[in-house]
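Structural features, examined
Residues per chain are reported as follows:
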Amino acid sequence: MNDVPLKVAVVGAGPGGFYAAESLLRSDVAVDMYEKLPVPFGLVRFGVAPDHPKLKSVTAVFARIAEMDGFRFFGNVELGRDVSIAELDAHYHAIIFAYGAERGNTLGIPGENLQGSFTAHEFVAWYNGHPDFKELAVDLSCRAALIIGQGNVALDVARILAKPVDELRQTDIADHALDALAESAIRDIYIAGRRGPVQVQFVGKELREFAALTDCPSCVDMADLALGSVCQDELVHPSRKDAKACVDLLRTFADAGCAEDQAAKRRCHFLFNRTPLALRGQNRVQTVTLGHTALQGEMLKQHAVETSETSELECGLVVSSIGYKTVGIDGLPLADRGDRLHHEDGRIVNGADRGAAHYVAGWAKRGPQGTIGTNRGDSVATVETLLADRASFTEPKEPRTHLLSILANRGTEIVSFEHWRKIDACEVVRGATNGRPRNKLTSVAEMMANAGIEHHQTAGAS
Ligand code: FAD
Ligand code: NAP
């Protein structure tokens, strides 16, 4: 197989998929990218916060990759719905699964399914205009919101709830979210971690933004910043530089004594050593029982253990921002922790000779961690594994045109990259009238119409 031009399918058009595609194309491998939505870029479009537009400029890099010789984009084609792995196996030498980690972790506590309780995955997808989440029943008429978890996603959610709506009007946030946020009655935003201030997963730069929010001071109980000896050692450990920056910032929040600031429109409260035990309410969340925790274990391995103490917090919105997991589509093997696919150096070993060789990139490979840039080196490493294996590849049973005719016979409406460019242009024009970078289309039907594709609604498609 060393001399045969390779044909590889990449599943998922997020950073993991695009960086893998770039690396393959540079090695003269033909790449067909399959994406379930009519629009590319994964979490760069549907995850990254709307008030962080600079980070989204990486889409220009991905658009340039899409222009490279040998690249084709098949949007609106979902693995497991429109095409099976067996079908891809028959038409490619190899497949790279880069379909992310699209399930929000849940707490598994009573009341979690009450109205007003969401995973961060759902809530973020809602404000970012993901077609599957535009109808989420978000009601911001309550006075308080609780965000569980102290990672950067929790900060994104808190900031969107905290910022004046006029600042969000200049972003690409979905119109339906803007309307809801304009009417928001939320005054107190609690960001609760089960461990202490030294164990936050925030990046210092992200937390620093809370020092500059308009009319929204941030508050910390001074007592939470009294560190035990293990935490003090942990704080100066070289691997915890961001923790040090965060604790320094939290001290300034505490000094500001903002809990007393009654005039502010909103307030963010950082709570530590709290874990939710139950959500309660008539039909929708009204209160949360928080268990108080203590830290146990050695430095850098301290974990939270429950104490007998609890407290009640009144709040009508709960967002659990406690990580994500990947799904094992069509029997793809999950790793032990269940949050990523099982692999060895990016190679999926499943024993069976299925035709194409299987690989994984992005969050489906590493689990839900790392920034957009982290995916680059990681995808390159997967492609190196793939290229090292090429001598063992078998020739695909069918030409790729055969798969396109299968999809056409099935009525799958494929969105090409040229179609996406039309959707993109339409969104940019819609946004320009109000000085926004874009105004997103939020339904598949609207996207297809603006791509110039006659859309026949399928079950589940909005
Ligand atoms: P994704 O970006 O999720 O892409 C996966 C793609 O696969 C999606 O387009 C999806 O639609 C598609 N897909 C899923 N299932 C199928 C299927 N069955 N068939 C076909 N296609 C499928 N990083 C930063 O550097 N800066 C930030 O500000 C930042 N903000 C973030 C905010 C949030 C809320 C989150 C969750 C993450 C954020 N990140 C940020 C991290 C960054 O977004 C990820 O590192 C990156 O997007 C992971 O890339 P990926 O390609 O693995 O997954
Ligand atoms: P994260 O950084 O892993 O944080 C998850 C948080 O959830 C942690 O505080 C964790 O606490 C808590 N948690 C997990 N399970 C819990 C449980 N059962 N009960 C209570 N709390 C629980 O994850 P994330 O915020 O989802 O971010 C995902 C990745 O995207 C990260 O790598 C992040 O840096 C990246 N990202 C980057 C940016 C940016 O660069 N601007 C923005 C957003 C996201 P413990 O520590 O105690 O487990």
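Residues numbered from 1 in each chain as written. Chains lettered and ligands numbered in written order. Predicted model: local features only at pLDDT ≥ 70, side-chain atom pairs only at ≥ 80, totals over all residues. Heavy atoms only, no water.

**Here's the deal with the sheet that holds strand 7 (residues 144-148)**
Ordered by their spatial adjacency, six strands build an open sheet running 6-14-7-8-10-9, and the pairing between neighbours is parallel. The outermost strands of the open sheet, each flanked by one partner alone, are strand 6 (117-119) and strand 9 (218-220). Each strand of the sheet is rotated relative to its neighbour by a mean of 20 degrees, with strand direction disregarded. One ladder, built from three bridges, connects strand 6 with strand 14 (residues 317-320); its direction is parallel. Of the residues in strand 14, the one forming a bridge with Phe118 is Val319. Strands in contact with helix 11 (residues 241-256) are strand 9 and strand 10 (267-271); relative to strand 9, the strand with the most contacts, it is inclined by about 95 degrees. (Pairing = 2+ DSSP bridges. Helix = DSSP H or I, 4+ residues; strand = E, 2+ residues; numbered from the N terminus. Axes fitted to C-alpha atoms, helices over the stretch in contact; angles between N-to-C directions. Contact = heavy atoms within 4.5 Å.)

**Structural notes on the sheet that holds strand 11 (residues 274-280)**
Read across the open sheet, the three strands follow the order 11-12-13; overall the sheet is antiparallel. Whereas interior strands pair on both sides, the edge strands pair on one side only; in this sheet they are strand 11 and strand 13 (303-314). The mean inter-strand angle of the sheet, taken between neighbouring strand axes irrespective of direction, is 25 degrees. Here strand 11 runs beside strand 12 (residues 287-296); their pairing, made up of six bridges, is antiparallel. Bridge pairing in strand 12 links Pro276 to Leu290.

**Looking at the side chain of Arg436**
By the element assignment, Arg436 lies in the loop between helix 15 (417-432) and helix 16 (444-451). Look at Arg436 and you get buried, because its relative accessible area is 7%. Reaching out from Arg436, the side chain makes a polar contact with the backbone oxygen of Thr171 at a distance of 2.7 Å. Sequence-distant contacts of Arg436, that is, excluding residues within four places in its chain, are made with Arg169, Gln170, Thr171, Asp172, Ile173, Asp175, Leu178 and Gly431. (Buried < 20%, exposed > 50% of the residue type's maximum accessible area, 1.4 Å probe, protein only. Polar contact = N/O pair within 3.5 Å; in protein donor to acceptor, adjacent residues only side chain to side chain.)

**Let's talk about the site of ligand 2**
Close to ligand 2 lie 19 residues; Gln150, Asn152, Arg194, Arg195 and Gly370 are nearest. Between an oxygen atom of ligand 2 and a main-chain N or O atom of Gln150, the distance comes to 2.9 Å. Within the side chain of Glu206, a nitrogen or oxygen atom sits 3.1 Å from a nitrogen atom of ligand 2. Contact with the protein chains hides 76% of the accessible area of ligand 2, taken as 920 Å² for the molecule alone. Counting residues per element, the shell around ligand 2 draws most heavily on helix 6 (residues 152-162), which supplies three residues. (Near = heavy atom within 4 Å. Areas by Shrake-Rupley, 256 points an atom, 1.4 Å probe, with all protein chains shown as cover.)

**A closer look at the side chain of Thr293**
For Thr293, the location among the structural elements is in strand 12. A polar contact is formed between the side chain of Thr293 and the backbone oxygen of Arg194, at a distance of 2.8 Å. Not counting the four nearest positions on each side in its chain, Thr293 is found in contact with Arg194, Asn273, Arg274, Thr275, Ala304, Val305, Glu306 and Thr307.

**A short note on the packing of aromatic side chains**
A complete count under the given rule lists 19 aromatic pairs for this structure. Between Phe71 and Phe417, the aromatic rings sit 6.4 Å apart at their centres with planes inclined by 85 degrees, giving edge-to-face as the arrangement. Placement of Phe71 in strand 3 (residues 71-75) and of Phe417 in helix 15 is noted, with a sequence separation of 346 residues between them. With respect to class, Phe71 is no different from Phe417; both count as buried. Where Phe202 meets Phe270, the ring centres are 6.0 Å apart and the plane angle is 75 degrees; that geometry is what we call edge-to-face. Taken as a pair, Phe202 in the loop between strand 8 (188-192) and helix 9 (204-208) and Phe270 in strand 10 lie far apart in primary sequence, 68 residues in all. Accessibility classification places Phe202 together with Phe270 in one group, the buried group. Connected via pairs of aromatic rings, a cluster forms that spans Phe18, Tyr19, Phe41, Phe62, Phe71, Phe73, Phe417 and Trp420. (Phe/Tyr/Trp six-rings, centres within 6.5 Å; stacked < 30°, edge-to-face > 60°.)

**With respect to the site of ligand 1**
Neighbouring residues of ligand 1: 32 residues in total, closest Gly16, Glu35, Leu43, Trp363 and Ile372. In the environment of ligand 1, an oxygen atom lies 2.6 Å from a nitrogen or oxygen atom belonging to the side chain of Glu35. With respect to ligand 1, the backbone of Gly370 contributes an N or O atom lying 3.0 Å from an oxygen atom. Protein chains bury 94% of the 1,000 Å² of accessible surface belonging to ligand 1 in isolation. Elements that contribute at least two residues to the shell around ligand 1 include exactly helix 1 (15-26), strand 2 (30-35), helix 2 (42-46) and helix 6. Class assignment of the residues belonging to the shell around ligand 1 gives a composition of 17 nonpolar, ten polar and five charged. (Nonpolar A, V, L, I, M, F, W, Y, C, P; charged D, E, K, R; others polar.)

**Some details on unusual backbone geometry**
A positive phi angle is found at Asn283, which is not glycine, with a value near 70 degrees. Within the fold, Asn283 resides in the loop between strand 11 and strand 12. The exposure class assigned to Asn283 is exposed, which follows from its relative accessible area of 66%.

**Examining the environment of Glu122**
For Glu122, the location among the structural elements is in helix 5 (residues 120-127). Residue classification places Glu122 among the partly exposed residues on the basis of a relative accessible area of 24%. Separated by 31 residues in sequence, Glu122 and Val153 have C-alpha atoms that sit 12 Å apart. Apart from the residues within four sequence positions on either side, Glu122 is in contact with Phe133 and Leu136. At 2.9 Å, the side chain of Glu122 and the backbone nitrogen of Thr119 are in polar contact.

**Some details on the nonpolar core**
Formed by 49 residues in total, the largest nonpolar core has its most connected members in Phe123, Leu161, Ile191, Leu207, Phe210, Phe270 and Leu317. When residues in this core are grouped by element, the largest group, seven residues, is from helix 6. When residues no more than four places from it in sequence are discounted, the contact partners of Phe270 are Leu155, Ile191, Phe202, Leu207, Phe210, Ser218, Cys219, Val220, Leu250 and Phe253. (Core = buried A, V, L, I, M, F, W, Y, C linked by side-chain atoms within 4.5 Å.)

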